[in-house]
Amino acid sequence: MDPKYSAQDVARCDLCKTAIAQSYCDFCHVNLCKPCIGEHISDEYDKHKIVPILQRKSTLNYPKCEIHQNEDCQYQCKDCNIFVCSHCLASKQHKEHEFLKLEESFSAKKKHILKDREELEEQILPTYEEIVIDLENQISNLDGEYKKLTSEMSKQREEIHREVDNAFDQMELEIGEIKVKHHSILQKHLDEIKQLQSLMQETLIALNEIEESNEVTSIIHYSSKNEQFSKLPPKVHVSMPKFIPKQREKEQLFGLIGKLTPLSTTLEEKVFTAKKPNTPVRVLLDEPEILSTIKTGHEKLFSVTCLNEEQIWTSGGTADIKCFNIQGVLQKTIKSKSVEWPNDIAVVRDGALLYIDWKTSTVYKVKNDQTEEIIRIQGWIPIYLCVTFSGDLLVTMHSDDKTQSKVVRYSGSNVKQTIQFDEEGQPLYSGNTQIKYISENRNLDICVADYGAYAVVVVNQAGKLRFRYTGPSSSIKNKPFKPYGITTDSQSRILTSDGDNHCIHILDTDGQFLCYIDNFDLGGPYGLCVDSDDSLFVCEYYKGNVKKIRYSK
């Protein structure tokens, strides 16, 4: 709200100083009440321009000329770097000089100021807010971490008298275990690198064959893997343990037998620096088209996810998680640990599969047919998840009593951020439903399809509410909007499935409704995902099919 019109600070007349101003002289730049308008224009000066106060300052307030006192400076002399009026323009002093129109410079600078404000408000400040959140989380965890450290030290104090005789034997065993672990880490990394080399060699052979081939089908269906291969693996540094002998001159207990430094493993991030082309602009099609239909065999089909254009993973109302190639041929089936249906699935950059096992409140990772637990949650039940562009994991979850919901960001297995309340302390998400699919947009907004709130809830990277979408202003659908699945595309558009109305809503990055995808017989659209070519995959809950749809070009 403009402060001149707030209840605390109304605009006053600049002549009488007391009455509320209803008008404004857009040439003299003064506020005027009705009685003072006549007094202001009584000098018969023909350049007065009286406008309603809401339309004030539609003309620019130029600086006065230092030489010609009654003239406005509407130009700037580039040679002298001073403001000049029209009389100065024609003077000998500025003959053959180059001039700039202040109006054009003013407009250009205004645009720059607006851009700076938007960048500061929407990008720089949220980044700092995320840093603050991270630091606050670290600080809040300090007491617990140092309590653990003190507890470990206390145990050592109690046990040291009993274990002195066995200390050296135990230390030798520990060194042996570290050696085995050291070898295992290096061997594992070596195996992974060799496996990548083997894949590249196979790809190279295939490329040579394709290059020499005139087969239309193989050429048309070719999909590059160079971007995947160009993401160089991290370099593993494993420090050798050291034996620090007893400092005999010291009397402290910790110096009786010495100590071992812990095995330290670090990952040095290596980034492929080749320039990538700008994201092409894709416009929405007037009539989307179905490219293919994959029959999954799931009786109830919940989720679909993909890393590229070559294969998809699906999950439904059983323990089976199925992988299909793009032609719809079943490639692999994985069963959840608890043999219960998984809440949601996602794929990370290295091709590993993540899934949520609601029975054990655990997130599992499956790679090379090996399953490992990466996150176990206490007091809350994880519902849906997505992998962010930075590699973090976003998980929606509800409390055990199903009264509260929140979004938690994980870096590895560590909590990095919690999003639950708005700036007024009110819940961002409903607590009365378990359906809360989640996706991250290209602008790093966090988008949640909150079925229980009949809304798509979007917050920025720092967790501040940007908007809620509750359906188009004038709906042509028979039933209320209830979002199920959600995904985003390369243009930062948001796509959400409206299962009850058997359609997909497409929104722009600010939550404005763009159009429906409703020209197909979608059997209860549920989970969604978009591949790297902006093709949309839609789960048909009742039919157990995944439809691949082209909706943009």
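Residues numbered from 1 in each chain as written. Predicted model: local features only at pLDDT ≥ 70, side-chain atom pairs only at ≥ 80, totals over all residues. Heavy atoms only, no water.

## Section: helix H3 (residues 102–140)
The periodicity of an α-helix, 3.6 residues per turn, causes residues three or four places apart in sequence to face the same way.
Right, so step 1: End to end, H3 covers 53 Å across 39 residues, agreeing with the expected 57 Å (1.5 Å per residue, within 8%).
Right, so step 2: By the largest-angle criterion, Leu-120 marks the main kink of H3, which is about 40°.
Right, so step 3: When we look at burial in H3, the residues that qualify are Leu-102, Pro-126 and Glu-130. (Helix = DSSP H or I, 4+ residues; strand = E, 2+ residues; numbered from the N terminus. Expected span 1.5 Å × (residues − 1). Bend = angle between axes of the 7 residues up to and from the residue. Buried < 20%, exposed > 50% of the residue type's maximum accessible area, 1.4 Å probe, protein only.)

## Here we look at the side chain of His-182
Right, so step 1: If you trace the backbone, His-182 turns up in helix H5 (residues 167–212).
Right, so step 2: Given the relative accessible area of 14%, His-182 is considered buried.
Right, so step 3: Not counting residues within four places of it along the chain, the set of residues in contact with His-182 comprises Val-238, Ser-239 and Met-240. (Contact = heavy atoms within 4.5 Å.)

## Things to note about a nonpolar patch on the surface
Right, so step 1: Side chains of Leu-120, Ile-124, Leu-125, Tyr-128, Ile-131, Leu-135, Ile-139, Leu-142 and Tyr-146 sit close together on the surface and give an oily, nonpolar patch of about 890 Å² of accessible area.
Right, so step 2: Elements with a contribution of two residues or more to the nonpolar patch: H3 and helix H4 (142–163).
Right, so step 3: Among the elements that line the nonpolar patch, the one with the most residues is H3, at 7 residues.
Right, so step 4: For Ile-124, the position within the fold is in helix H3.
Right, so step 5: For Ile-124, a relative accessible area of 35% translates into the label partly exposed. (Patch = residues over 30% accessible without salt bridge, like charges linked within 9 Å, V, L, I, M, F, W, Y side chains within 5 Å. Areas by Shrake-Rupley, 256 points an atom, 1.4 Å probe, with all protein chains shown as cover. Salt bridge = Lys/Arg side-chain N within 4 Å of Asp/Glu carboxyl O.)

## Description of the nonpolar core
Right, so step 1: Of all hydrophobic cores here, the largest spans 30 residues; its most connected members are Ile-312, Tyr-526 and Phe-537.
Right, so step 2: At the level of secondary structure, the elements contributing two or more residues to this core comprise strand E14 (301–305), strand E22 (380–387), strand E27 (446–450), strand E28 (455–459), strand E29 (465–469), strand E30 (483–488), strand E34 (525–530) and strand E35 (535–540). (Core = buried A, V, L, I, M, F, W, Y, C linked by side-chain atoms within 4.5 Å.)

## Some points on the sheet that holds strand E20 (residues 362–367)
Right, so step 1: Taken together, the 4 strands give an open sheet; going across it, the order is E18-E19-E20-E21, and neighbouring strands pair in antiparallel fashion. Each having just a single partner strand, strand E18 (345–347) and strand E21 (370–376) make up the two edges of the open sheet. The average undirected angle you get between the axes of adjacent strands in this sheet is 25°.
Right, so step 2: The pairing of E20 with E21 spans 6 bridges and is antiparallel. Its bridge partner lying in E21, Lys-365 is registered against Glu-372. (Pairing = 2+ DSSP bridges. Axes fitted to C-alpha atoms, helices over the stretch in contact; angles between N-to-C directions.)

## Here's the deal with the state of the cysteines
Right, so step 1: Inspection of every chain in the model, using the stated rule, returns 0 disulfides.
Right, so step 2: Residue Cys-36 stays outside any disulfide, its sulfur separated by 3.5 Å from that of Cys-33, the closest cysteine. (Disulfide = S-S within 2.5 Å.)

## Brief notes about the side chain of Ser-439
Right, so step 1: Position of Ser-439 among the secondary structure elements: in strand E26 (residues 436–440).
Right, so step 2: Excluding anything up to four places from it in sequence, Ser-439 contacts Cys-386, Asp-445, Ile-446, Cys-447, Ile-486, Thr-487 and Thr-488.

## Quick notes on the confidence of the model for the chain
Right, so step 1: Looking at the chain, pLDDT values average 85 and 89% of them are 70 or higher.
Right, so step 2: Every residue in residues 1–8 is under pLDDT 50, and counting partners more than four places away or in other chains gives 11 contacts.
Right, so step 3: Scored below 50 in pLDDT, residues 268–277 shows 8 contacts in the model against residues more than four places distant or in partner chains. (pLDDT = per-residue confidence, 0-100.)

## A few points about the packing of aromatic side chains
Right, so step 1: Per the stated rule, a full pass over the model turns up 13 aromatic pairs.
Right, so step 2: On the numbers, 4.9 Å between centres and 50° between planes, the contact of Tyr-484 with Tyr-526 is tilted. With Tyr-484 in strand E30 and Tyr-526 in strand E34, the pair connects residues that are 42 residues apart, well separated along the chain.
Right, so step 3: Given the relative accessible area of 10%, Tyr-484 is considered buried.
Right, so step 4: Residue classification places Tyr-526 among the buried positions, given a relative accessible area of 10%.
Right, so step 5: Between the NZ or CZ atom of Lys-406 and the centre of the ring of Trp-380, over which it lies, the distance is 4.0 Å.
Right, so step 6: The aromatic ring of Tyr-516 is capped on one face by Lys-477, whose charged end is 4.6 Å from the ring centroid. (Phe/Tyr/Trp six-rings, centres within 6.5 Å; stacked < 30°, edge-to-face > 60°. Lys NZ or Arg CZ within 6 Å of the ring centre and 35° of its normal.)

## Looking at the pairing of E26
Right, so step 1: Across the 5 residues of E26, 5 count as buried, placing the element largely inside the fold.
Right, so step 2: Taking every second residue as pointing to the same face, both faces of E26 are buried, with Lys-436, Ile-438 and Glu-440 on one and Tyr-437 and Ser-439 on the other.
Right, so step 3: Bridge count for E26 against E27 is 5 bridges, and the pairing is antiparallel. By the bridge assignment for E27, Ile-438 is matched with Val-448.

## A word on the sheet that holds E26
Either a parallel or an antiparallel arrangement is found when strands of a sheet pair, and the pairing is made through backbone hydrogen bonds.
Right, so step 1: The antiparallel open sheet is built from 4 strands, whose spatial order is E26-E27-E28-E29. Each having just a single partner strand, E26 and E29 make up the two edges of the open sheet. When strand polarity is set aside, the average angle formed by the axes of neighbouring strands in this sheet is 15°.
Right, so step 2: With 5 bridges joining them, E27 and E28 adopt antiparallel strand pairing. Each bridged residue has a counterpart across the sheet, and for Cys-447 the counterpart in E28 is Val-458.

## Notes on the pattern of salt bridges
Right, so step 1: One pass over the structure, following the stated rule, counts 23 salt bridges.
Right, so step 2: Put simply, Asp-392 and Arg-409 hold a salt bridge, and the shortest N to O gap is 3.5 Å. You can see Asp-392 sitting in the loop between E22 and strand E23 (393–399) and its partner Arg-409 sitting in strand E24 (residues 405–411), a full 17 residues away along the chain. Per residue, the accessibility class of Asp-392 equals that of Arg-409, and both read buried.
Right, so step 3: Between Arg-466 and Asp-510 there is a salt bridge, and its shortest N-O distance comes to 2.5 Å. A residue pair is termed long-range when its members are at least 10 positions apart, and Arg-466 in strand E29 and Asp-510 in the loop between strand E32 (503–507) and strand E33 (513–517) qualify at 44 residues.
Right, so step 4: Judged by its relative accessible area of 35%, Arg-466 falls in the partly exposed class.
Right, so step 5: What makes Asp-510 partly exposed here is its relative accessible area of 42%.
Right, so step 6: Connected via shared salt-bridge partners are Asp-521, Glu-540, Lys-543 and Lys-547.

## Some details on the pairing of E30
Right, so step 1: Within E30, 6 of the 6 residues are buried, leaving the element largely enclosed by the surrounding structure.
Right, so step 2: Taken together, E30 and the strand that follows it, strand E31 (residues 494–498), pair antiparallel across an intervening segment of 5 residues, in which Ser-492 is found at a positive phi of about 65°.

## With respect to helix H1 (residues 34–41)
Right, so step 1: Within the sequence span of H1, burial applies to Cys-36, Ile-37 and His-40. Viewed along the axis of H1, the buried residues span an arc of 120°, placing them on a single side of the element. The outward face of H1, more than 90 degrees from its buried face, is lined by the exposed residues Pro-35 and Glu-39.
Right, so step 2: Buried residues along H1 sit against strand E3 (23–25), strand E4 (30–32) and strand E5 (50–52). (Arc of directions from axis to C-beta.)

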